[in-house]
Amino acid sequence: MKSLGRLALWTLVSVVGATAYAVIASRRGEPLNAAWLIVAAVCTYAIGIRFYSKWIAAKALVLDDLRAPPAEVHDDGRDFVKTNKYVLFGHHFASISGPGPLVGPVLAAQFGYLPGTLWILIGALLGGAVQDFVILFASVRRDGKSLAEMVREEVGSFAGTIAMVAVLGILIILVANLGLVVDNALAESPWGVVTTAMTMPFAMIMGLYVRYLRVGKVLEMTAIGVVFLALSLLSGFAVNHHPTLGPIFTFSKERLALCLVVYGFTASVLPVWLLLAPRDYLVTFLKIGVVLLLAVGIVVVLPPLKMPWLTNPGSFTGGMRPVVAGSLFPFCFITIACGAISGFHSLVSSGTTPKMITRERTIRHVGYGAMCLESFVAIMAMIAACVLDPGVYFAVNAPAGLVGTTVGSVAQAVSGWGFPVSAGQISDLASAIGEKTVLARTGGAPTLAIGMASIFRAIVGGDAAMKLWYHFALMFEALFILTTVDVATRIGRFLIQELGGRVWPGLGDTKSYAANTGASLLFAGAWGYFLYAGVKDPLGGVNSLWPLFGIANQLLACVALCLATTILIKAGKPRMSLVVLGPLICLVAVTFSAGIEKIVHPNPRIGFLAMASKLTADLAAGAIPAAKVNATQALVFNSRLDALVAALFLGLVVAILVVSARECWLVLAGRKPSHLRETPPVWLPKTVIESELRRPWWQLGSAVMIVGALVRELSGEAAAARSQLPPDQALAQTLGDRYDHPDRPDRCC
């Protein structure tokens with residue numbers, strides 16, 4: 001009877017999900033309610049977690065609860081810690097859910113809602129969640145080793161070194177992209193600049209409070225932080241309407257870019273407890289709260305999607321969509337990036353998470369399930385972008401180089417594309433959100449903030465609250481992104497020291513303040529250069545930098561899937577290796593197609609070399625005004641540099657693919673013994689597992705206790721308590737362990 005009930009339930013879920021997909025795919029010429037996307041997503045994730053991940057766990061990975069994970073074997077209260085599976089799920093999700101799944105779908109909305117939605121759902125189900133699951137499993141079986149270490153052991157030392165270089169280069173492009181998103185969101189916006197800037201001294205006050213005044217009192221710090229966030233928002237409002245202060249804090253994109261580079265460098269060399277940790281902690285809960293609020297808002301409001309299911313590229317200027325130039329394949333998939341599959345997740349899945357797993361069965365729910373939840377965040381971002389009027393969407397996101405710089409020229413250009421919008425409509429939107437202009441706000445963050453504000457105001461406040469909701473959403477995005485910039489710059493510093501230390505040992509001394517400062521300067525200068533180049537790009541920077549980021553991110557996923565394929569083949573399961581080999585083949589096709597097009601495509605809006613050639617010809621013909629000659633020469637150099645970087649990424653991954661393919665071929669042909677570098681197993685008594693399985697659900701702890709445990713874990717309070725050090729030393733050591741390890745990144749894209 002019980003099995004019949006389950007069969008009926010999952011049959012119902014399958015039918016409802018199939019119906020939602022049919023409606024999404026067949027609706028033409030009339031608005032589609034966002035509820036159908038929510039239903040399709042929930043059913044997809046439910047089936048994937050219940051059946052596909054369970055099949056992989058049983059047939060490919062053979063999870064065994066009797067095999068003790070690293071946290072059980074090496075439990076030291078510091079690096080290896082047995083953690084409640086619900087708390088660990090929240091910790092892992094907070095680590096992998098960066099700004100990528102919020103920004104990527106907003107940019108990909110230019111293709112229409114259908115292609116991006118299908119890729120987010122199917123890509124996550126068959127690719128992203130599988131990658132996270134398998135890499136987490138592999139790291140648990142190898143004492144929590146990092147991705148680069150596992151590649152070095154299973155594929156070869158040469159491949160391991162290449163992987164480390166690739167990660168460093170990819171991090172540079174990642175931070176430059178995130179900085180560009182913040183720059184485009186806050187430029188010419190005194191409200192946004194002041195709101196974001198005020199959180200920095202407030203975070204430092206919180207750090208000093210919990211470090212010296214009330215040692216370890218995290219809940220008190222949380223309450224103070226919430227008040228500070230509200231004060232930041234109100235401070236921005238006051239400055240925005242002040243006749244003197246308003247113009248002072250109205251920053252140009254160039255000035256703001258320099259401020260971001262200085263900030264990133266400073267944050268990376270300050271003690272983690274002073275700025276990074278308190279703000280990271282607050283942003284984590286702000287992130288979870290806003291995502292839940294957005295989900296509730298979408299379910300309550302049930303807004304219709306106004307964006308077409310598929311936009312016609314022929315209707316745009318030059319036969320090309322304006323936000324990210326290029327055809328649907330491969331650029332829609334590259335633009336979505338983290339919402340479907342993210343190579344950076346493999347760094348987190350081989351970082352802190354495998355050292356906190358208590359039983360192997362938890363790997364499935366944490367690795368596969370958390371990626372499904374991030375994919376759901378991407379679906380909500382897609383909805384937030386597509387509920388906007390298409391004319392408004394393109395007016396906000398189209399670069400000034402295509403549509404001009406006045407509301408009249410923008411309205412005329414966008415209306416000519418078949419998406420009617422008036423100059424008055426654009427001006428009214430800027431006034432409604434409290435900004436001077438919404439033109440050329442490329443990068444996705446302003447569009448997402450407008451979409452979120454339009455949903456939130458339908459629940460609380462109405463039109464009068466639009467300004468506050470918009471800047472609240474903008475503050476959330478900016479803080480979210482800047483925290484990732486902090487952590488990535490710190491990780492990049494360690495990678496430079498590890499690689500550079502092989503050439504100059506002094507640079508590798510992580511205890512040397514001079515070495516740390518020098519490495520931070522190198523890394524911040526590297527991503528700052530690409531950021532400034534993007535700011536000066538007449539096409540908005542996003543057109544070149546975001547595809548480069550997407551390519552880099554997906555290439556890192558190729559490295560992770562190469563490792564996963566090699567491990568399964570070495571384990572004697574060549575057929576089961578198809579669960580990772582299939583996504584690998586698809587990613588190679590997508591990323592290499594996009595990478596090659598970005599290098600050699602003849603259209604200057606797509607190809608880096610074509611853009612350099614066009615600008616060089618314009619300079620030779622005297623078509624460039626004298627005042628812009630130097631800037632144009634810089635654009636020529638930057639376009640060629642972008643092409644070189646893309647080629648370098650492709651070359652590094654080709655090397656890893658070749659080495660991995662050779663390793664697999666030798667094993668399959670019987671010319672090399674199949675030897676996995678797994679840690680020798682330590683077995684648990686069956687009585688331990690049996691007692692856990694018999695434990696009734698109400699003894700697992702109430703929801704309040706679990707949330708409280710998650711708060712203590714994310715804040716570092718739990719780790720500080722486990723260290724058994726004096727309170728003033730415990731928190732500093734805990735935060736240092738969390739953020740000062742390049743092989744254990746605590747935040748993702």
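The model shown is predicted, which means the values in this text are computed figures rather than measured ones. Residue numbers restart at each chain and count upward from 1, following the sequence in its written direction. Only residues with pLDDT of at least 70 get local features here, since the model is predicted, and only at 80 or more are side-chain atom pairs given and counted; chain-wide, interface and lining totals rely on the full set of residues. Hydrogens and water are ignored here; the side-chain numbers use all heavy atoms of the structure.

Colleague: It is not clear to me how the overall build of the protein should be interpreted in this structure. Could you clarify?
Modeller: A count of helices and strands for the protein gives 31 helices and two strands. Two things to know: the radius of gyration comes from C-alpha atoms, and the globule rule equals 2.2 Å times the number of residues to the power 0.38. Relative to the compact-globule value of 27 Å for 749 residues, the protein shows a C-alpha radius of gyration of 25 Å, a close match. Referenced to the eigenvectors of the C-alpha coordinate spread, the extents of the protein come out at roughly 75 × 65 × 65 Å. Relative to its full complement of 749 residues, the protein shows a buried share of 59%. Two residues qualify as a contact provided that any one of their heavy atoms is within 4.5 Å of a heavy atom in the partner residue. Partitioning the contacts of the protein with sequence separation of at least 6, the portion at a separation of at least 24 is 83%. His is not counted, nor are the chain ends, whereas Lys and Arg count as positive and Asp and Glu as negative. Every charge is mapped onto a representative atom, which is NZ of Lys, CZ of Arg, CG of Asp or CD of Glu. Across the protein, the centroid of the 57 positively charged side chains sits 5 Å from that of the 42 negatively charged ones. Every helix listed is a DSSP run of H or I at least four residues long, and every strand listed is a run of E at least two residues long, numbered separately from the N terminus. Classification of residues uses two cut-offs on accessible area relative to the type maximum, computed with a 1.4 Å probe and protein chains only: under 20% is buried, over 50% is exposed, and between them is partly exposed.

Colleague: I'm lost on the side chain of T195 in this one. Help?
Modeller: Tracing the backbone shows T195 in helix α9 (residues 190–213). Among the polar contacts made by the side chain of T195, one reaches the main-chain carbonyl oxygen of S232 at a distance of 3.3 Å. Apart from residues no more than four positions distant in its own chain, T195 is found in contact with S232, L233, G236 and M475. Here a polar contact means two N or O atoms within 3.5 Å. Within protein one must be a hydrogen donor candidate and the other an acceptor candidate, and residues neighboring in sequence count only if both atoms are side-chain atoms.

Colleague: Is there a simple way to explain the packing of aromatic side chains in this structure?
Modeller: For this analysis, a ring pair means two rings from Phe, Tyr or Trp (six-membered ring only for Trp) whose centres lie within 6.5 Å, classed as stacked if their planes differ by under 30 degrees, edge-to-face if by over 60, and tilted for the remaining angles. The final tally for this structure, using the stated rule, is 20 aromatic pairs. Both rings, one in W10 and one in F51, keep their centres 5.3 Å apart while their planes meet at 80 degrees; by these two values the pair is edge-to-face. Within this pair, whereas W10 is found in helix α1 (residues 2–26), its partner F51 is found in helix α2 (residues 35–61), the two being separated by 41 residues in sequence. Residue classification places F51 among the partly exposed residues on the basis of a relative accessible area of 38%. Ring centres of W469 and F472 lie 5.9 Å apart, and the angle between their planes is 80 degrees; this geometry places the pair in the edge-to-face category. Of this pair, W469 and F472 both sit in helix α22 (residues 466–500), three residues apart, roughly one helical turn.

Colleague: It is not clear to me how the environment of E72 should be interpreted in this structure. Could you clarify?
Modeller: Inspection of the secondary structure puts E72 in helix α3 (residues 70–73). Sequence separation between E72 and L684 is 612 residues; the distance between their C-alpha atoms is 9.2 Å. Not counting residues up to four positions away in its chain, the partners in contact with E72 are K82, T358, R359 and L684. Polar contacts involving the side chain of E72 include one to the side chain of R359, which spans 2.7 Å.

Colleague: Would you mind going over a nonpolar patch on the surface with me for this structure?
Modeller: Two distance rules govern patches: like charges are joined within 9 Å, and nonpolar side chains (Val, Leu, Ile, Met, Phe, Trp, Tyr) within 5 Å, applied only to residues with over 30% relative accessible area and no salt bridge. Surface accessibility follows the Shrake-Rupley procedure with a 1.4 Å probe radius. Residue values consider only the protein chains on display as shielding. Take a side-chain nitrogen of Lys or Arg and a carboxyl oxygen of Asp or Glu: if they are within 4 Å of each other, that pair is a salt bridge. Together, V296, V300, V301, I459 and V460 make up a nonpolar patch on the protein surface, roughly 390 Å² of accessible area in all. The topology assignment puts V460 in the loop between α21 (445–457) and α22. Assessed through its relative accessible area of 49%, V460 is described here as partly exposed.

Colleague: How should I be thinking about the confidence of the model for the protein in this particular structure?
Modeller: For any part of a model where pLDDT is low, the fine detail of the predicted coordinates should not be relied upon. Taken over all residues, the pLDDT of the protein has a mean of 85, while the share at 70 or more is 90%. When the criterion is pLDDT under 50, residues 697–704 qualifies, and its contacts beyond four places in sequence or with other chains add up to four contacts. Residue-level confidence of the predictor is summarised by pLDDT, bounded by 0 at the bottom and 100 at the top.

Colleague: Sorry, what's going on with the side chain of S53 here?
Modeller: Tracing the sequence through the fold places S53 in helix α2. Residues within four places of S53 in sequence aside, it is in contact with G48, F133, R364 and Y368.

Colleague: Looking at this structure, how should I read the nonpolar core?
Modeller: General note: in soluble globular proteins, nonpolar side chains tend to be found buried as a group. Residues belong to one nonpolar core when they are buried, are Ala, Val, Leu, Ile, Met, Phe, Trp, Tyr or Cys, and are joined through side-chain atoms within 4.5 Å. Formed by 222 residues in total, the largest nonpolar core has its most connected members in L171, L305, I383 and W527. In terms of residues, this core owes the most to one element, helix α8 (residues 157–186), which gives 20 residues. Contact partners of L305, with chain neighbours within four places excluded, come to P31, L32, A34, L37, Y113, I383, C386 and V387. In terms of nonpolar packing, the next biggest core, distinct from the first, is built from six residues, M206, V210, M221 and F228 among them.

Colleague: Where do I start with the packing of helix α12 (residues 253–269) against α22 in this structure?
Modeller: In helix packing, the relevant descriptors are the interaxial angle and the interaxial distance, both defined with respect to the helix axes. At a closest axis distance of 9 Å, the pairing of α12 and α22 adopts a crossing angle of 60 degrees. As judged from the angle between their axes, α12 and α22 are oblique. When you trace α12 past α22, the crossing you get is right-handed. For the pair α12 and α22, the contacting residues are L260, Y263, G264, A267, S268 and V269 in the first and L482, V485, D486, T489, R490 and R493 in the second. Per-class residue counts for the contact of α12 with α22 are six nonpolar, three polar and three charged. To get an axis, a line is fitted to the C-alpha atoms, and for a helix only the part in contact is used. The angle between two axes follows their N-to-C directions and goes from 0 to 180 degrees. Any angle that falls under 35 degrees is termed roughly parallel, while one over 145 is termed roughly antiparallel, one within 65 to 115 roughly perpendicular, and all others oblique. Crossing handedness follows the turn of the near helix against the far one: under a right angle anticlockwise gives a left-handed crossing, and clockwise gives a right-handed one. Under the scheme applied here, ten amino acids are nonpolar (Ala, Val, Leu, Ile, Met, Phe, Trp, Tyr, Cys and Pro), four are charged (Asp, Glu, Lys and Arg), and all others, including Gly, are polar.

Colleague: Can you help me understand the packing of helix α25 (residues 578–600) against helix α27 (residues 629–668) in this one?
Modeller: Axis separation between α25 and α27 bottoms out at 9 Å; the angle between their running directions is 150 degrees. Of the possible angle classes, the one that applies to α25 and α27 is roughly antiparallel. Crossing of α25 over α27 shows left-handed handedness. Contacts between α25 and α27 involve L584, V588, T591, F592, G595, I596 and I599 from the former and A643, A646, A647, L650, V653, V654 and L657 from the latter. When its residues are assigned to classes, the contact of α25 with α27 shows twelve nonpolar, two polar and no charged.

Colleague: What is the right way to read helix α26 (residues 608–620) from this model?
Modeller: Helices are assigned an expected span. That span is 1.5 Å times one less than the residue count. With 13 residues, α26 should reach 18 Å at 1.5 Å per residue; the first-to-last C-alpha distance of 18 Å fits that figure. When we look at burial in α26, the residues that qualify are F608, A610, M611, A612 and L615. Taken together, the buried residues of α26 touch α24 (542–570), α25 and α27. Positioned one or two residues after α26, G622 has a phi angle of 75 degrees, which is positive.

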